[in-house]
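The primary structure of each chain is shown beneath.
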Amino acid sequence: MKRTTITAVLAGAAIAALALTGCSSGSSSTSKADASKGVPTLDPSKKVTITFAEAMASGALKTELAKVTQEFETKNPNITVELQAQPDYGTLKTKVDAAVTAGAPPTIAQVYGDWAAAYAQSQVLEPLTDYAAADPSATDGLYKGIKDSLYIDKTLYMWPFNASALVTFYNPDILKAAGQDVPKTWDDFATVAKAVSKDGVVALPIDPGSSSGPAGGTTIFELMAQANGTPVFKDDGTPQFDSPDVVKALQTLVDLKKAGAVQTGTNYPGETALGAQKGVFDISTSTSFYYDQQAVGGKFQLAVAPVPSAADGTRVNQINGTNIALLNKASDDQKAAAWKYMQFLTEAETQSEWAQATGYLPVNPKTLELADMKDYIAKNPYVTFASKDLASSSATPPYAWVEEASGDLAAALQSALAGNAAPEAALKDAQDKAEKAMAADK
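Residues numbered from 1 in each chain as written. Predicted model: local features only at pLDDT ≥ 70, side-chain atom pairs only at ≥ 80, totals over all residues. Heavy atoms only, no water.

An unreviewed UniProt entry annotates the protein chain as ABC transporter substrate-binding protein originating from Gryllotalpicola protaetiae. Under the UniProt heading Sequence similarities (unreviewed entry), the note attached to the protein chain is "Belongs to the bacterial solute-binding protein 1 family." (UniProt positions renumbered as here; feature names shortened; annotations may be inferred.)

Re the overall build of the protein chain
Counting its regular elements, the protein chain contains 19 helices and 15 strands. When the backbone C-alpha atoms are referred to their principal axes, the protein chain occupies close to 70 × 50 × 35 Å. When burial is assessed residue by residue, the protein chain has 54% of its 442 residues classed as buried. Considering only contacts in the protein chain between residues 6 or more positions apart, those separated by 24 or more positions represent 76%. For the protein chain, the accessible surface area stands at approximately 18200 Å², while carbon and sulfur atoms represent 50% of it. (Helix = DSSP H or I, 4+ residues; strand = E, 2+ residues; numbered from the N terminus. Buried < 20%, exposed > 50% of the residue type's maximum accessible area, 1.4 Å probe, protein only. Contact = heavy atoms within 4.5 Å. Areas by Shrake-Rupley, 256 points an atom, 1.4 Å probe, with all protein chains shown as cover.)

Regarding helix 17 (residues 382-389)
Those residues of helix 17 that fall on the buried side of the exposure criterion are Tyr382, Val383, Ala386, Ser387 and Asp389. When helix 17 is viewed along its axis, its buried side chains cluster within an angular range of 155° and face the same direction. Buried-residue contacts for helix 17 involve strand 9 (166-170), helix 13 (289-296), strand 13 (303-306) and helix 16 (371-379). (Arc of directions from axis to C-beta.)

So, the environment of alanine 391
Assignment of secondary structure puts alanine 391 in the loop between helix 17 and strand 15 (394-395). Of the residues examined, alanine 391 reaches a relative accessible area of 33% and is grouped as partly exposed. Taking the C-alpha atoms as reference points, alanine 391 and tryptophan 401, separated by ten residues in sequence, lie 26 Å from one another. Leaving out residues up to four positions away in the same chain, alanine 391 has contacts with Tyr143, Lys144 and Gly145.

Quick notes on the packing of helix 2 (residues 59-75) against helix 15 (residues 348-358)
The N-to-C vectors of helix 2 and helix 15 enclose an angle of 165°; their axes lie 9 Å apart at closest approach. With respect to helix 15, the axis of helix 2 lies roughly antiparallel. The handedness of the crossing between helix 2 and helix 15 comes out as right-handed. Contacts between helix 2 and helix 15 involve Ala60, Leu61, Glu64, Leu65, Lys67, Val68 and Glu71 from the former and Thr350, Glu353, Trp354, Ala357 and Thr358 from the latter. Across the contact of helix 2 with helix 15, the residue classes tally to six nonpolar, two polar and four charged. (Axes fitted to C-alpha atoms, helices over the stretch in contact; angles between N-to-C directions. Parallel < 35°, antiparallel > 145°, perpendicular 65-115°, else oblique. Left-handed = near helix turned anticlockwise from the far one by under 90°. Nonpolar A, V, L, I, M, F, W, Y, C, P; charged D, E, K, R; others polar.)

Description of helix 11 (residues 244-258)
Along an α-helix, residues three or four positions apart point the same way, because every turn accommodates 3.6 residues. With 15 residues, helix 11 should reach 21 Å at 1.5 Å per residue; the first-to-last C-alpha distance of 21 Å fits that figure. Of the surrounding secondary structure, the elements contacted by the buried residues of helix 11 are helix 9 (186-196), helix 10 (216-228), strand 11 (262-264), helix 18 (402-417) and helix 19 (423-441). One or two residues past the end of helix 11 sits glycine 260, with phi positive at roughly 80°. (Expected span 1.5 Å × (residues − 1).)

What about the sheet that holds strand 9?
Reading across from one edge, 12-9-13 is the order of the three strands in this open sheet, with antiparallel pairing throughout. The open sheet has two edge strands with one neighbour each: strand 12 (281-285) and strand 13. Within the sheet, the average angular offset between the axes of one strand and its neighbour, ignoring direction, is 35°. (Pairing = 2+ DSSP bridges.)

Set out below in structure tokens:
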């Protein structure tokens, strides 16, 4: 679901290099610390500079991050935050890897879960468990799904930054003409998809992804499997690709493709087909609203609904986006300043400003209660249900092998939809490869 390409997880040699350079703790400083928790605190009269390696390098993302950072610095005149923007996530990871290996990492960095897992394994991240324990209101103010996604093996290593969940963009005119309602469950979706797919119109164009990486279609497939009762990964990252519920989900997609209700493509085919009025649904992240609107271009009134639920009505969604990690080479002063900045980014007022400017979802439920956010929601009502889905959603488990295993899963999806392998056989092959990747990393 990423609009930029990301690199693979750290290779063995790089992991070894990181371990050699990153095991030492941060440098000594004169800042105070909480004696019971060992959490550093910063004297407000002392000047400190922190660096933030991030990929918010263009458009509203760049200007808004600069704006909220300046607001933070105004409130905390002793802290300077240097934004180190990279053009994409692949470049960001390459730069951070190199900096860590050289022993000169940024203070904080924007990370995906599997990156953070590799860094944590190499002992270059600062655990945040004690930081949060010293101020329980910090994590208590987050949606449960967001909070749960920040841990690696029960240790808090990440802090939320830019989050989104999946929603259903659709053409209400085509649905109405076909006498169909917006599907509430995945079973409903299969029925409606077949009914509206005719006269050159297909219900759901998807990009299944490939062995080089998952795509939007992979995420849809994962949601369907979880709605059936079994997520494709356990919480500890163990793959469950060949379970009956996952096989059933893939068989459903294969059947829909044979019925002409699902079509495969690349480069956001759902968005393109929806805009051309050749597709009915585009199930994508909430941040795709701008892109879908641009594709539609006023040809019809774009509508947005929650993603279909499980048959019993249970909400199943997936958290997308990145988090922030604190590197342990930072001095105690920098750690204290960075934690203050990270907390500022998730305050309700900051989240309101950030969400309205960028299209990401607020991770703090209190944000929805603010007057300016209510005005924004009046024009973008999907923000309410998409944000509330963050409470019950989960993120891809943060383990280093998961990215490679997700590529294996995408390849199975692609193969089955192309008719090159039966769903069960394709998923068994993916399971075997994923288990090998997991074993090699442990």
